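Residues per chain, in single letters:
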Amino acid sequence: AKGPGDPVLAGSVVTLGMLEAVASRTGQESTFARIARMVGEAEAARSPVQTAVERFARYYTPAILALAAATWALSRDTHLALTLLVVACPGALVLAAPVSLMAGIGRAARQGILFKGGQRLEQLARVQAVAFDKTGTLTEGRPEVVRVWAAPGWSPATVLQVAASAERASTHPLALAIVEHAKQRGLPVGAADVPPESVRIVPGRGLAAEVEGRRVLVGSRAMLEQHGVVIAPAVEREVAFEAAKGRSVAMVAIDGQAAGLIALADRLRPSARGLVTRLRQVGVRHTVILTGDTSEAAEAVAREVGVDEALAGLLPEAKVEHLAALRRRGWVTAMVGDGINDAPALSAADVSIAIGVGGTEVAMEAADLALVTDDLGRLPVAIGLARAIVANVRQNLALAVAVVVALVAGVMVGSVHLASGMMVHELSVLAVILNGMRLLRWQEPHGGARRAPQPPTPGGSSTQISGLAGRASAETVT
């Protein structure tokens, strides 16, 4: 909610009314420019990851050339030197990483996981701490009605029907959610092209209208108090209960009486339940939420998901600072997000992960890994698969080096000749290829956790809604 004189960030969305703004900072001083600059700085600050193949290649080729040259210089045996050079040809060594990477990345793509090259796989395999954005990442990013409560003398159906009939005149996301929920319940809310009478929208507070001869208020406490509505202690308790759960509350007054309230929440993604358990199974030691939302909303999601820490009210700069603090603890850190304000944090993490096809292009561009779907269950799969790929590369490297060492030793003592050496060499190449191809059939070793039970509601007449998006079940609780 913004009023005259309040600062507004570029990129904000006006959901209701018209806005007249004066630019206080332009060009390179704007928040958007600072975000872009932070992304570039974070990219430049990251040290390059040296893969196992690069470490071997740095010493292997010069060593073999030097060994062959020394053999010829000492023995003057050209055949021996060439045999040594041929059997030590790094065929298996060259294929050790590419085969595993191609097979593993192909397997990941089948499961909706896109690696942007193999350079970050080693870091992903070593991840110990995972940071999440909240809205649009752990939650679905759209408000839904989760509870309708009615004060004594009123029914939940009446409260919802009257509020939805009034909210038809508004385009606010919460108003649209209330109208949609009433329609799903089969309640009459009137025609969409016939607005209620005497509608007055107060930005940041709510809406006043006449519905079937009744004076209706839907909005915040300030909205009701402005119209002289007395809020009873029972209503106060319910508002406090919903606020403690991090939900948005639309209070409803009918003909000057507080009739009830409608609680709305950004629903948790079904795949977020049990996510932390699965992450711990693949070796993640610490999880944290970094969000610009309120502390109540962050803590509510943290309790449901089971993360270790929730930090709220953060601007993009603060998210970067908290990620730096995690790295100073010695933890390899991954950041999971979907929005433009996540781009600096994504770039500051050791591994950046963008979720969902709804993620912004900036987030996708800044990320090392993209989950094509909104299924957070792909995250532990990605980490587990990355560790399997790295382990497979190391196995291939160990096999390739062991075969080369054995062949070189055999050549030096005269027990290995060109034909037998080439046969063993080619078999080692085939073994590396077959070992890498095992990743095409890789399966996650652990299944997902069971969904956590829903917490009970307090006393009073209410309607509790739960279930997946597009499917709702109603239960009257008294």
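Refer to the structure above for everything that follows.
Residues numbered from 1 in each chain as written. Predicted model: local features only at pLDDT ≥ 70, side-chain atom pairs only at ≥ 80, totals over all residues. Heavy atoms only, no water.

The next point concerns the overall build of the protein. Regarding its fold elements, the protein presents 17 helices and 15 strands. Within the protein, the fraction of its 478 residues that count as buried is 46%. Once local pairs closer than 6 in sequence are excluded, the contacts in the protein between residues at least 24 apart make up 66%. (Helix = DSSP H or I, 4+ residues; strand = E, 2+ residues; numbered from the N terminus. Buried < 20%, exposed > 50% of the residue type's maximum accessible area, 1.4 Å probe, protein only. Contact = heavy atoms within 4.5 Å.)

A few words on the side chain of serine 100. If you trace the backbone, serine 100 turns up in helix 4 (residues 91–110). A polar contact is formed between the side chain of serine 100 and the side chain of asparagine 392, at a distance of 2.5 Å. In this view, serine 100 contacts Ile389, Asn392, Val393, Asn396, Gly436 and Leu439; residues no more than four positions away in its chain are not counted. (Polar contact = N/O pair within 3.5 Å; in protein donor to acceptor, adjacent residues only side chain to side chain.)

Residues Leu124, Leu138, Ile353 and Leu379 are the most contacted members of the largest nonpolar core, which totals 63 residues. By residue number, the principal contributor to this core is helix 16 (residues 378–413), which donates 17 residues. Once residues within four sequence positions are removed from consideration, leucine 379 is found in contact with Val130, Phe132, Leu279, Val336, Ile353 and Leu371. (Core = buried A, V, L, I, M, F, W, Y, C linked by side-chain atoms within 4.5 Å.)

Orientation of helix 4 relative to helix 17 (residues 418–437), taken along the N-to-C sense of each, is 15°, at an axis distance of 8 Å. Put simply, helix 4 runs roughly parallel to helix 17. The hand of the helix 4/helix 17 crossing is right-handed. Here helix 4 contributes Gly91, Ala92, Leu95, Ala96, Val99, Ser100 and Ala103 to the contact with helix 17, which in turn contributes His425, Ser428, Val429, Val432, Ile433, Gly436 and Met437. Here the residues of the contact of helix 4 with helix 17 sort into nine nonpolar, five polar and no charged. (Axes fitted to C-alpha atoms, helices over the stretch in contact; angles between N-to-C directions. Parallel < 35°, antiparallel > 145°, perpendicular 65-115°, else oblique. Left-handed = near helix turned anticlockwise from the far one by under 90°. Nonpolar A, V, L, I, M, F, W, Y, C, P; charged D, E, K, R; others polar.)

Our next topic: the environment of leucine 176. Examined against the element boundaries, leucine 176 turns out to sit in helix 8 (residues 173–184). Sequence separation between leucine 176 and proline 143 is 33 residues; the distance between their C-alpha atoms is 9.1 Å. The contact partners of leucine 176, leaving out residues within four places of it in the chain, are Ser170 and Thr171.

This part is about the pattern of salt bridges. Tallying each qualifying case throughout the model produces 13 salt bridges. Arginine 280 is the partner of aspartate 308 in a salt bridge, and the nearest nitrogen-oxygen pair spans 2.6 Å. Of this pair, aspartate 308 sits in the loop between helix 12 (295–305) and strand 10 (309–311) while arginine 280 sits in helix 11 (residues 275–281), placing them 28 residues apart in sequence. Ionic contacts of the salt-bridge type, sharing partners, join the residues Glu140, Arg142, Glu144 and Arg267 into one network. (Salt bridge = Lys/Arg side-chain N within 4 Å of Asp/Glu carboxyl O.)

Bringing unusual backbone geometry into the picture now. Residue glutamate 212 is not a glycine yet carries a positive backbone phi of 55°. Relative to the helices and strands, glutamate 212 is located in the loop between strand 5 (206–211) and strand 6 (214–219). Its identity is not glycine, yet aspartate 255 carries a phi of approximately 55°, on the positive side.

This part is about the sheet that holds strand 1 (residues 113–115). Taken together, the seven strands give an open sheet; going across it, the order is 1-13-12-11-2-9-10, and neighbouring strands pair in mixed fashion. Each end of this open sheet is capped by a strand with a single partner; those strands are strand 1 and strand 10. Across the sheet, the mean angle from the axis of one strand to that of its neighbour is 20°, orientation sign disregarded. As paired strands, strand 11 (residues 333–337) and strand 12 (residues 351–355) are joined by four bridges and run parallel to one another. Residue methionine 335 lies in a different strand from strand 12, and its bridge partner there is serine 352. Contacting strand 2 (129–132), strand 9 (286–290), strand 10 and strand 11, helix 13 (residues 316–328) runs over the sheet at an angle of about 170° to strand 9. (Pairing = 2+ DSSP bridges.)

So, about helix 8. Given a rise of 1.5 Å per residue, twelve residues ought to cover 16 Å, and the 16 Å separating the end C-alpha atoms of helix 8 matches this to within 8%. Every buried residue of helix 8 is accounted for by Ala175, Ala177, Ile178, Val179, His181 and Ala182. A positive backbone phi angle near 80° is found at glycine 186, which sits one or two residues after helix 8. (Expected span 1.5 Å × (residues − 1).)

Once that is clear, we can look at the packing of helix 3 (residues 78–87) against helix 16. For the pair helix 3 and helix 16, the least separation of the axes is 9 Å and the interaxial angle reads 170°. In terms of orientation, helix 3 and helix 16 fall into the roughly antiparallel class. The crossing of helix 3 and helix 16 is right-handed. Facing Leu80, Thr83, Leu84 and Val87 of helix 3, the residues of helix 16 in contact are Leu407, Val408, Val411 and Met412. Per-class residue counts for the contact of helix 3 with helix 16 are seven nonpolar, one polar and no charged.

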